[in-house]
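Per-entry structural report
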Amino acid sequence: MEINKELDGYWLVNTAQKGEKKFQRPEQQLSPVNLKTTGLWLDVPVEHLSVEKADSALHTLEHLLHIVIPWQVMCERSDVDTLRSKERSRIYVFDNYEGGVGLAEGALGNIEQIIDRCYEVISSCACSGGCPSCIHIPQCRERNDNLDKESALELMAMALGVERAGKSGSRQTSLRSGSGREEGRAELRLEARALAAKIGQRKLVEKAASGAPGIARKLKVSSFHQLNNYDRHLIAVTYLLHLEVGPVPAGVVVQALSLLSVTREGKMFDLRITELRRMGIVDLKDGHVSPAPKMLELLDGKEECERR
Ligand SMILES: [Zn+2]
Ligand SMILES: [Zn+2]
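Predicted model, so just to flag it, every value in this text is computed and none were measured.

1. Considerations on the overall build of the protein chain
The number of helices and strands found in the protein chain is 11 helices and 10 strands. For the protein chain, the proportion of its 308 residues judged to be buried stands at 45%. At a minimum sequence separation of 6, the contacts of the protein chain that also span at least 24 residues come to 68%. If you sum the accessible surface of the protein chain, you get close to 17,000 Å²; carbon and sulfur atoms cover 50% of it.

2. Side note on the pattern of salt bridges
Scanning the model with the defined rule gives 11 salt bridges in all. The closest approach of N and O atoms between D81 and R141, which form a salt bridge, is 3.4 Å. Of this pair, D81 sits in strand β6 (residues 80-85) while R141 sits in the loop between α3 (111-123) and α4 (149-168), and the two are 60 residues apart along the sequence. Exposure remark for D81: the relative accessible area of 9% places this residue in the buried category. When the shortest N-O distance is used, the salt bridge between R278 and E275 registers 2.8 Å. You can see R278 and its partner E275 sitting in helix α10 (residues 268-278), three residues apart, about one turn around the helix. Salt bridges sharing common partners tie together D55, E62, R84 and E142.

3. Here's the deal with the confidence of the model for the protein chain
Looking at the protein chain as a whole, the pLDDT averages 82, with 83% of positions reaching at least 70. Averaged over each element, pLDDT in the protein chain is lowest for helix α5 (residues 171-174) (32) and highest for β6 (95). When the criterion is pLDDT under 50, residues 162-186 qualifies, and its contacts beyond four places in sequence or with other chains add up to 40 contacts.

4. Regarding the sheet that holds strand β10 (residues 288-291)
One open sheet holds the three strands; their spatial order is β8-β10-β9, and the pairing between them is antiparallel. The open sheet is flanked by β8 (248-249) and β9 (282-285), the only strands paired with a single partner. Sheet contacts for helix α8 (residues 229-245): β8 and β10; angle to β10, the most-contacted strand, approximately 100°.

5. Description of the nonpolar core
In terms of nonpolar packing, the biggest core is built from 39 residues, with L61, L64 and L65 touching the most fellow members. Among the secondary structure elements, those contributing two or more residues to this core are β5 (39-43), α1 (51-73), β7 (90-95), α2 (103-108), α3 and α4. No other element matches the nine residues that α1 contributes to this core. When near neighbours in sequence (up to four residues on either side) are disregarded, L64 contacts C118, V121, I122, I135 and M156. Judged by nonpolar contacts, the second largest core, of 34 residues, contains A209, V245, V252 and F269.

Scoring rules and cut-offs
- Residues numbered from 1 in each chain as written.
- Chains lettered and ligands numbered in written order.
- Predicted model: local features only at pLDDT ≥ 70, side-chain atom pairs only at ≥ 80, totals over all residues.
- Heavy atoms only, no water.
- Helix = DSSP H or I, 4+ residues; strand = E, 2+ residues; numbered from the N terminus.
- Buried < 20%, exposed > 50% of the residue type's maximum accessible area, 1.4 Å probe, protein only.
- Contact = heavy atoms within 4.5 Å.
- Areas by Shrake-Rupley, 256 points an atom, 1.4 Å probe, with all protein chains shown as cover.
- Salt bridge = Lys/Arg side-chain N within 4 Å of Asp/Glu carboxyl O.
- pLDDT = per-residue confidence, 0-100.
- Pairing = 2+ DSSP bridges.
- Axes fitted to C-alpha atoms, helices over the stretch in contact; angles between N-to-C directions.
- Core = buried A, V, L, I, M, F, W, Y, C linked by side-chain atoms within 4.5 Å.

Spelled out as structure tokens, the structure:
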């Protein structure tokens, strides 16, 4: 990995004036620092979050990795550093030494355990918006602004639950419990567990994917026959997931669709969901998709007829 660090400027903060801040260019240009080192990166699925929430959730996860990895590989926090790419929704963790000293490499082998511990750190703190005992770190270049505990928790519950259910059983049983002495802490953990259970079922996604072609065929002979194949499957998957859990995180719909191989185009979902929403066929609220009432009525009606 090759890291280029350049000082663009800095914020001059007036602490006496309610933290009023002004961006300043340095008077003297500093030459950029170039570091050739070893590192790892994580691609984080954030499709179900809005753009702002995605970045702050990513930033929060970046902090958690910066906190947990040094514990795991036994080094100082300043021995490793992190960066993130909003565009790629990717987090980089690298050794802060020329040539690398094997820290990030060591973390790679334990990455699942590390993510478990990240989840533990964030879900076991009783604070609401993040604090120095969970996600705030002095190394942050953004003064611990732009962090979002709630979205990060959702992101992680999903990543752990959905991605790993197939490998290691359902998430709600493998979540380790802490002391649970404080009420707030226990509540948060329960909430996280419910979330993981609700959206973290690989089985649910598979079930929706297997039922979708049937529903899509019904749509083809309905008053919505003008819809294309992708749209019909998108609606079918949304309908089936909605039957089970109510409004569905968009990322879960994308997962189910990916099992159906109706398209390889990654951007398709965003484009079509916007269009279907405009047409009043689906609803999208806080990153959760549900069939609009008229679609629900049509499909519920069809199901009824079948049963009779
Ligand atoms: Zn906290
Ligand atoms: Zn930060």
